[in-house]
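Next come the chains, spelled out residue by residue.
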Amino acid sequence: MTGEAGMTTAGDPVEERLRRWRLVLGGDAADGTGHALSGQDAAIDDALTALYGKDDTPRTGRERAGGLGASAPSVARWLGDIRTYFPTSVVQVMQRDAIDRLGLGTLLLEPEMLEAVEADVHLVGTLLSLTKAMPETTRETAREVVRKVVEDLERRLATRTRATLTGALDRSARVRRPRHHDIDWNRTVAANLRHYLPDHGTVVPERLVGYGRASRSVRKEVVLCVDQSGSMASSVVYAAVFGAVLASMRAVATRLVVFDTEVVDLTERLDDPVDVLFATRLGGGTDINRALAYCQSRITRPADTVVVLISDLYEGGIRDGMLKRVAAVKASGAQFVSLLALSDEGAPAYDREHAAALAALGAPAFACTPDLFPEVMAAAIEKRPLPIPDAGAAGPDSPR
């Protein structure tokens, strides 16, 4: 049979169960299995012990890497071992835990470490938080790691996003009194089937459906306003990718704004999401009101604008000012979407009072996965109810 750690085992099911429990419990005297490990099982156990060993005493910096040794070569060997013994999804979790538990973030400043790790969104977030401390010799390697992750995300998300939003743009651009060459005959016939005349074998088109003359020009404006505080790292990565995809669509004018206590407009960099990410500054405070004020000042066509705030809503600025700003954006005719996160991890810790206040303004805040984001944007473009996940929008009594 195949073991969960990626090796093939055979024999008694009871022994296999004991083997797995021994790997889980770590071999302390009290583990109760009485099972000894050898060969590859012993190597797997060593890799797990290095990360999840007995000594959980918090330490700082490289001292915390005691389980893996203090040198980069020993960590590189460990990274190679876990890639040998475990599937990619598990490797990414173990890397994340190593960064959190053993202080390996500092080792990521060394090029050989970056070449050894399994790149994912969380690793990109860690690298971006280290950019200020990153030596020049590491920076280019880090850019290549980030580019690999970004390109993988674009391949996964771009086609569906463009298709979903193109459909929404087409539907939102339909007009009731189109010129002859703007008539969409398929939809016109479908809309008038009840007026079919059997004797004449024809449909009387009482209502024409078509596209406006502006169908080839910019039809919607999207403003992505992204909180770059440390807890929002994954959201920043996905926002940069989606911003680049939206910017590639001729019918959508896209603006990307990131903020902490300062506001930075990265719209000019949207042709390369890697440049966007390296221009961010993860960590620091939060001034949502100031960021929304800037975004509001850039809205020129409110009825055709969607503002997307991506933030955990921990406002360090003027709370009432933030809420008044949201109310003013909505009153102008713009669509306002509030996302607590744009990631696969669900809602982070967030300010429930602010979430409830936004919900009272008709802008419920909820966590959104990358796969759901195109549908959320399509609904906002068409001005229909947002597809809020089953868990519902965040409010004062939300279990999240």
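What counts as what
Counting restarts for each chain, with residues numbered from 1 along the sequence as it is written. It should be noted that, the model being predicted, local features are given only for residues of pLDDT at least 70 and side-chain atom pairs only at 80 or more, the latter also being counted only at that level, while totals for whole chains, interfaces and linings use all residues. Note that water and hydrogens are dropped before the side-chain values are worked out from all heavy atoms of the structure. Under the scheme used here, helices are H or I runs from DSSP no shorter than 4 residues and strands are E runs no shorter than 2 residues, and both carry numbers assigned from the N terminus. The classification of residues rests on relative accessible area computed with a 1.4 Å probe and restricted to protein chains. Under 20% of the type maximum is buried, over 50% is exposed, and intermediate values are partly exposed. Classification of ring pairs rests on two measures: the distance between centres of Phe, Tyr or Trp rings, Trp counted by its six-membered ring, which must be within 6.5 Å, and the angle between planes, read as stacked under 30 degrees, edge-to-face over 60 and tilted in between. Two strands qualify as a pair provided DSSP detects at least 2 bridges between them. In this analysis an axis means a line fitted to C-alpha atoms, helices contributing only their contacting stretch, and an angle means the value between N-to-C directions, from 0 to 180 degrees. The contact criterion used is simple: two residues touch if any of their non-hydrogen atoms lie within 4.5 Å. Residues are called lining when one of their atoms sits within 4 Å of a cavity or pocket point, these points coming from a 1 Å grid over the protein atoms alone, where a cavity is a set in which a 1.4 Å probe fits but cannot get out and a pocket is an open set with protein on both sides within 12 Å along at least five of seven lines. Grid points are joined across faces, edges and corners, and a volume is the space filled by probe spheres set on the points. As a working rule, the residues Ala, Val, Leu, Ile, Met, Phe, Trp, Tyr, Cys and Pro are called nonpolar, Asp, Glu, Lys and Arg charged, and the rest polar, with Gly in that last group.

Some remarks on unusual backbone geometry
The phi dihedral of L313 is positive, around 70°, even though this residue is not glycine. With respect to the helices and strands, L313 occurs in the loop between β8 (305-310) and α12 (319-331). The class of L313 is buried, set by a relative accessible area of 0%. Residues other than glycine seldom take positive phi values, yet K383 does so here, at roughly 60°.

With respect to the packing of aromatic side chains
With the rule as written, the count across this model stands at one aromatic pair. Considering the side-chain rings of F242 and F373, the 4.6 Å spacing of their centres and the 45° angle between planes classify their relative orientation as tilted. Taken as a pair, F242 in helix α9 (residues 233-247) and F373 in helix α14 (residues 373-382) lie far apart in primary sequence, 131 residues in all. Of the two residues, F242 and F373, neither departs from the other in class, the shared state being buried.

What about the sheet that holds strand β9 (residues 335-342)?
Across the sheet, six strands lie side by side as β7-β6-β5-β8-β9-β10; this open sheet has mixed pairing. Only two strands of the sheet have a single neighbouring strand rather than two, namely β7 (263-265) and β10 (365-368). Neighbour to neighbour, the strand axes of the sheet diverge by 25° on average, direction disregarded. As paired strands, β8 and β9 are joined by five bridges and run parallel to one another. In the strand pairing of β9, V308 is matched with V337. Against the sheet, α9 contacts β5 (220-227), β6 (252-259), β8 and β9, and its axis sits at roughly 165° relative to β5.

Comments concerning empty space enclosed by the protein
Tallied over the full model, the rule gives two cavities of 30 Å³ or more. What the second largest cavity holds in volume is close to 50 Å³. In terms of lining residues, the second largest cavity is bounded by Q92, Q95, R96, I99, D120, H122, L123 and T126. Among the elements that line the lining of the second largest cavity, the one with the most residues is helix α4 (residues 88-102), at four residues. For the lining of the second largest cavity, the residue count by class is two nonpolar, four polar and two charged.

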